Amino acid sequence: ASDVYKRQLYGALLELKGLPGSRIGSAAGRGSTAIAGLSKGSAPYARLISQVTAGRALSTGHYSVPAILWMQGESDAGNPNYAAQLRQLFADLDADVRVAAGQAQTVQFYICLPATPDVAQAQRQVAATMPNVHIGCDTAKLPKSDGTHLTARGSFAAGCALGALIAKPDPD
């Protein structure tokens with residue numbers, strides 16, 4: 001299976017290489033943080049928006065944020081409000097990222113479901129009700145070092161699954 005993932009990832013990278021323009025990646029995440037600590041008004045939220053603004057300032061041409069990858073939820077096990085909080089966070093991020101990036105197009109969110117069943121179910125509910133939210137992988141099925149955190153092989157598989165989904169013209 002790893003050869004298939006390598007071909008998918010390499011193919012996606014080759015497609016990006018042939019496109020005009022530059023690519024900027026950013027990792028604004030914060031580990032072991034419940035969704036309330038990532039929502040609008042938090043330091044991680046402000047950091048993500050400031051990184052989008054900085055990326056736009058560095059751009060010498062067209063700039064946009066087409067997608068945000070989402071791998072979060074273990075700290076929210078048992079949170080009965082998780083789905084509503086995630087829905088609000090994604091709506092806030094879409095609005096604020098579009099302003100910061102100066103773009104009209106909706107930001108797409110690609111989720112890797114956590115191994116926490118109630119949070120994974122809440123994320124599925126959000127994806128079912130928001131057309132710009134897509135499930136990219138299920139980490140419950142991937143190798144973990146401690147029952148929660150992915151091994152290198154698990155991270156690689158998650159990245160390949162997300163890349164394959166993002167590369168599709170219609171991810172659903």
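It should be noted that the structure appears before, not after, this text.
Residues numbered from 1 in each chain as written. Predicted model: local features only at pLDDT ≥ 70, side-chain atom pairs only at ≥ 80, totals over all residues. Heavy atoms only, no water.

**Q** For this particular structure, what's the right way to read the pattern of salt bridges?
**A** Opposite charge on two side chains permits them to pair, given that their charged atoms come into close proximity. Following the criterion strictly, the structure yields 3 salt bridges and no others. Aspartate 94 is the partner of arginine 98 in a salt bridge, and the nearest nitrogen-oxygen pair spans 3.5 Å. With arginine 98 and aspartate 94 both in helix H3 (residues 82-101), this residue pair falls 4 residues apart, about one helical turn. Here aspartate 94 falls in the buried class, since its relative accessible area comes to 12%. One salt bridge connects arginine 124 with aspartate 138, and the closest N-O pair in it is separated by 3.7 Å. With arginine 124 in helix H4 (residues 117-129) and aspartate 138 in strand S3 (residues 133-138), the pair connects residues that are 14 residues apart, well separated along the chain. (Salt bridge = Lys/Arg side-chain N within 4 Å of Asp/Glu carboxyl O. Helix = DSSP H or I, 4+ residues; strand = E, 2+ residues; numbered from the N terminus. Buried < 20%, exposed > 50% of the residue type's maximum accessible area, 1.4 Å probe, protein only.)

**Q** I tried to follow the sheet that holds S3 on my own but got confused; where do I start?
**A** Hydrogen bonding along the main chain pairs the strands of a sheet, whether they run parallel or antiparallel. Spatial ordering of the open sheet is given by S1-S2-S3, a layout of 3 strands whose pairing is parallel. Looking at the sheet topology across the chains shown, the edges are occupied by strand S1 (67-70) and S3. Within this sheet the neighbouring strands show an average axis-to-axis angle of 20 degrees, counted without direction. Both S1 and strand S2 (residues 108-113) contribute to a ladder of 4 bridges, which runs parallel. Opposite leucine 69, over in S2, you have tyrosine 110 as the bridge partner. Running over the sheet, H4 touches S1, S2 and S3 and is turned about 145 degrees from S3. (Pairing = 2+ DSSP bridges. Axes fitted to C-alpha atoms, helices over the stretch in contact; angles between N-to-C directions. Contact = heavy atoms within 4.5 Å.)

**Q** I would appreciate a short explanation of the nonpolar core in the present structure.
**A** A general feature of soluble globular proteins is that nonpolar side chains tend to end up buried together. If you look at the biggest cluster of nonpolar residues, it comprises 31 residues, and the most contacted ones within it are Val52, Trp70, Leu86, Phe90, Leu93, Val97 and Val133. For this core, the secondary-structure elements that each account for two or more residues are helix H2 (43-58), S1, H3, S2 and H4. Sort the elements by how many residues they give to this core and H3 lands first, with 9 residues. With sequence-adjacent residues up to four places away left out, valine 97 is seen in contact with Leu48, Ile49, Val52, Val65, Ile68 and Val107. (Core = buried A, V, L, I, M, F, W, Y, C linked by side-chain atoms within 4.5 Å.)

**Q** Is there a simple way to think about the environment of proline 44 in this case?
**A** The topology assignment puts proline 44 in helix H2. Given the relative accessible area of 6%, proline 44 is considered buried. Once residues lying within four places of it in the same chain are set aside, the contact partners of proline 44 are Ala28, Arg30, Gly37 and Leu38.

**Q** Whenever I open this one, H4 confuses me. Can you help?
**A** One turn of the α-helix equals 3.6 residues, which is why residues spaced by three or four share an orientation. With 13 residues, H4 should reach 18 Å at 1.5 Å per residue; the first-to-last C-alpha distance of 19 Å fits that figure. Listed as buried for H4 are Val119, Ala120, Ala122, Gln123, Val126 and Ala127. Around the axis of H4, the buried residues are gathered within 160 degrees of arc, so they sit on the same side. Facing away from the buried side of H4 by over 90 degrees, the exposed positions are Pro117, Ala128 and Thr129. Where H4 is buried, its residues touch S1, H3, S2 and S3. (Expected span 1.5 Å × (residues − 1). Arc of directions from axis to C-beta.)

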